Amino acid sequence: MTSAPVTPSAPVLPGVAGPFSGLADVAALVGRRLRHLRRSPGKVLAVALNPLVMLVALGYLFEASIVVPGGASYQEYLFAGIAAQVGLTSIGPTAVGIADDLRNGLVDRFRSLSIARGAVLAGHTVADLLVAVFTLMLVTGLGTLLGWRPHGTAGETLLGFALVLGFSYAMLWVGVLLGLVMRSIETIESTGSLLLVLFTFVSNALLSTDRMPRWLGVIAEWNPLSVVATACRQLWGNPVAASHSIPAQHPVLISVLMLAAIIAVAVPLAVRAYARAATR
């Protein structure tokens with residue numbers, strides 16, 4: 001009796017066992033990250049607290065002391081800046097999470113598993129994006145209570161929130177890169193706080209840039225936070241400070257280009273830094 005010829009099977013590479021194995025890896029790591037955050041709610045609070053406090057302090061307590069050019073509603077002007085600020089507050093916790101994984105030897109354990117390349121970093125960013133979505137829902141609910149209203153179409157309103165989440169996702173990759181490069185929790189926390197303060201106040205998120213020195217106003221107008229906030233104000237029909245700069249004239253287009261550029265630069269650098277960290 002003759003035996004049937006055996007066709008050699010293709011080799012199975014780590015993390016490439018099937019067409020959807022990479023997505024399964026990311027989903028598993030997202031679940032791990034969310035379970036960890038559920039046990040440590042302070043990390044979620046760290047993302048949500050600052051924008052909520054700023055919204056109450058400026059949009060309610062000091063609202064009568066702040067004048068928007070043209071006499072428009074300050075709550076409606078402020079909301080877009082605070083919504084976009086959610087992305088900045090996400091940088092620090094994401095960076096700390098990555099640094100914790102490196103410090104606790106979790107990366108070494110991941111290396112021993114058949115995990116798709118980049119799944120660890122993607123899992124962090126997707127899970128933290130869900131936290132940003134939750135925070136944005138809280139900010140939107142509070143903003144609505146304080147008087148914010150969208151005046152555009154439903155599609156324009158959704159596009160504005162999509163830009164905010166796109167900005168948040170881009171900032172999450174900045175946080176990943178920060179955690180991989182710095183690693184020290186104390187340094188990361190101080191750097192994250194500095195970025196939050198610097199990018200918030202050198203922008204039009206809280207106040208119009210027309211009272212700033214001209215050179216600083218130009219920097220503020222090209223700040224990604226300013227561009228995203230201006231785009232959201234335009235889409236939501238909220239007050240927009242008058243300006244003839246390119247970002248102010250084409251905020252939606254410039255926002256998309258800026259966010260694409262940030263992600264295109266941050267993701268390869270983060271993956272390369274992770275590969276170096278995993279081999280040490």
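Shown above is the structure to which this text applies.
Residues numbered from 1 in each chain as written. Predicted model: local features only at pLDDT ≥ 70, side-chain atom pairs only at ≥ 80, totals over all residues. Heavy atoms only, no water.

Novice: Explain the packing of aromatic side chains to me, please; I cannot follow it from the model alone.
Specialist: The geometry of two aromatic rings is summed up by the distance between their centres and the angle between their planes. Applying the stated rule across the entire model yields 7 aromatic pairs. Between Trp148 and Trp236, the aromatic rings sit 5.3 Å apart at their centres with planes inclined by 70°, giving edge-to-face as the arrangement. A residue pair is termed long-range when its members are at least 10 positions apart, and Trp148 in the loop between helix 6 (119-146) and helix 7 (154-182) and Trp236 in helix 10 (residues 224-236) qualify at 88 residues. Owing to a relative accessible area of 3%, Trp148 belongs among the buried residues under this scheme. A residue is classified by how much of its surface remains accessible, and Trp236, at 0% relative accessible area, is buried. In textbook terms, an aromatic cluster arises when at least three aromatic residues are bridged by ring pairs, as seen for Phe79, Trp148, Phe161 and Trp236. Over the ring of Tyr77 we find Arg233, and its NZ or CZ is 3.7 Å from the ring centre. (Phe/Tyr/Trp six-rings, centres within 6.5 Å; stacked < 30°, edge-to-face > 60°. Helix = DSSP H or I, 4+ residues; strand = E, 2+ residues; numbered from the N terminus. Buried < 20%, exposed > 50% of the residue type's maximum accessible area, 1.4 Å probe, protein only. Lys NZ or Arg CZ within 6 Å of the ring centre and 35° of its normal.)

Novice: Would you mind showing me how to read the pattern of salt bridges here?
Specialist: When charged atoms on two side chains of opposite charge get close, those side chains can pair. Summed over all chains, the structure comprises 3 salt bridges. A salt bridge links Arg33 to Asp128; the nearest nitrogen and oxygen atoms lie 3.0 Å apart. Highlighted residues: Arg33 in helix 1 (residues 21-39) and Asp128 in helix 6, separated in sequence by 95 residues. On the basis of relative accessible area, Asp128 is assigned to the buried category, the value being 5%. For Asp100, the salt bridge is made with Arg103, and the minimal N-O distance between the two is 2.7 Å. Of this pair, Asp100 and Arg103 both sit in helix 4 (residues 91-103), 3 residues apart, roughly one helical turn. For Asp100, a relative accessible area of 15% gives the class buried. (Salt bridge = Lys/Arg side-chain N within 4 Å of Asp/Glu carboxyl O.)

Novice: Can you walk me through a nonpolar patch on the surface in this structure?
Specialist: Together, Val56, Tyr60, Leu61 and Phe62 give the surface a local cluster of nonpolar side chains, amounting to about 420 Å² of exposed area. Within the secondary structure, Tyr60 is located in helix 2 (residues 41-61). (Patch = residues over 30% accessible without salt bridge, like charges linked within 9 Å, V, L, I, M, F, W, Y side chains within 5 Å. Areas by Shrake-Rupley, 256 points an atom, 1.4 Å probe, with all protein chains shown as cover.)

Novice: Got a minute to help me understand the nonpolar core in this structure?
Specialist: General note: in soluble globular proteins, nonpolar side chains tend to be found buried as a group. Counting residues in each nonpolar core, the largest one holds 44 residues, and the members touching the most others are Tyr74, Phe167, Leu206 and Trp236. Counting only elements with at least two residues in this core, the list comes to helix 2, helix 3 (74-89), helix 4, helix 6, helix 7, helix 8 (185-201) and helix 10. Sequence-distant contacts of Leu206, defined by excluding residues within four places in its chain, comprise Met54, Leu58, Tyr74, Tyr77, Leu78, Ile82, Thr200 and Phe201. Within the second largest apolar cluster, 18 residues are counted, among which are Val26, Leu102, Ala122 and Val176. (Core = buried A, V, L, I, M, F, W, Y, C linked by side-chain atoms within 4.5 Å. Contact = heavy atoms within 4.5 Å.)

Novice: Can you walk me through empty space enclosed by the protein in this structure?
Specialist: Any empty space left between atoms is shown by rolling a water-sized probe over those atoms. With the rule as written, the count across this model stands at 3 cavities of 30 Å³ or more. Volume-wise, the largest cavity comes out at about 120 Å³. What lines the largest cavity is a set of 15 residues, and nearest its centre among them are Asn204, Thr230, Ala241, Ser243 and Ala248. Broken down by secondary-structure element, the contributors of at least two residues to the lining of the largest cavity are helix 10 and helix 11 (246-249). Here the lining of the largest cavity gets 4 residues from one element, more than from any other, and that element is helix 10. Its residues placed into classes, the lining of the largest cavity shows 7 nonpolar, 6 polar and 2 charged. (1 Å grid on protein atoms, 1.4 Å probe; cavity = no way out; pocket = protein on both sides within 12 Å on 5 of 7 lines; lining within 4 Å. Points joined across faces, edges and corners; volume = space filled by probe spheres on them. Nonpolar A, V, L, I, M, F, W, Y, C, P; charged D, E, K, R; others polar.)

Novice: I tried to follow unusual backbone geometry on my own but got confused; where do I start?
Specialist: Phi angles above zero are rare outside glycine, and Arg183 is one such case at about 70°. Note that Arg183 resides in the loop between helix 7 and helix 8. By relative accessible area, Arg183 is classed as partly exposed at 29%.

Novice: Even after reading the chapter, I still don't get helix 9 (residues 214-222), so can you show me in this structure?
Specialist: It helps to recall that an α-helix has 3.6 residues per turn; residues three or four apart then point in one direction. Of the residues making up helix 9, those classed as buried are Gly217, Ala220 and Glu221. Relative to the axis of helix 9, the buried residues are bounded by an arc of 95° and lie together on one face. (Arc of directions from axis to C-beta.)

Novice: What should I look at first to understand the packing of helix 7 against helix 8 in this one?
Specialist: Between two packed helices, what matters for the description is the angle formed by their axes and the separation of those axes. Interaxial distance between helix 7 and helix 8 falls to 9 Å at its minimum, and their mutual angle equals 145°. By crossing handedness, the relation of helix 7 to helix 8 is classed as right-handed. Along the contact surface, helix 7 presents Leu178, Gly179 and Met182, while helix 8 presents Thr187, Ile188 and Thr191. Looking at the contact of helix 7 with helix 8 residue by residue, the class counts come to 3 nonpolar, 3 polar and no charged. (Axes fitted to C-alpha atoms, helices over the stretch in contact; angles between N-to-C directions. Left-handed = near helix turned anticlockwise from the far one by under 90°.)

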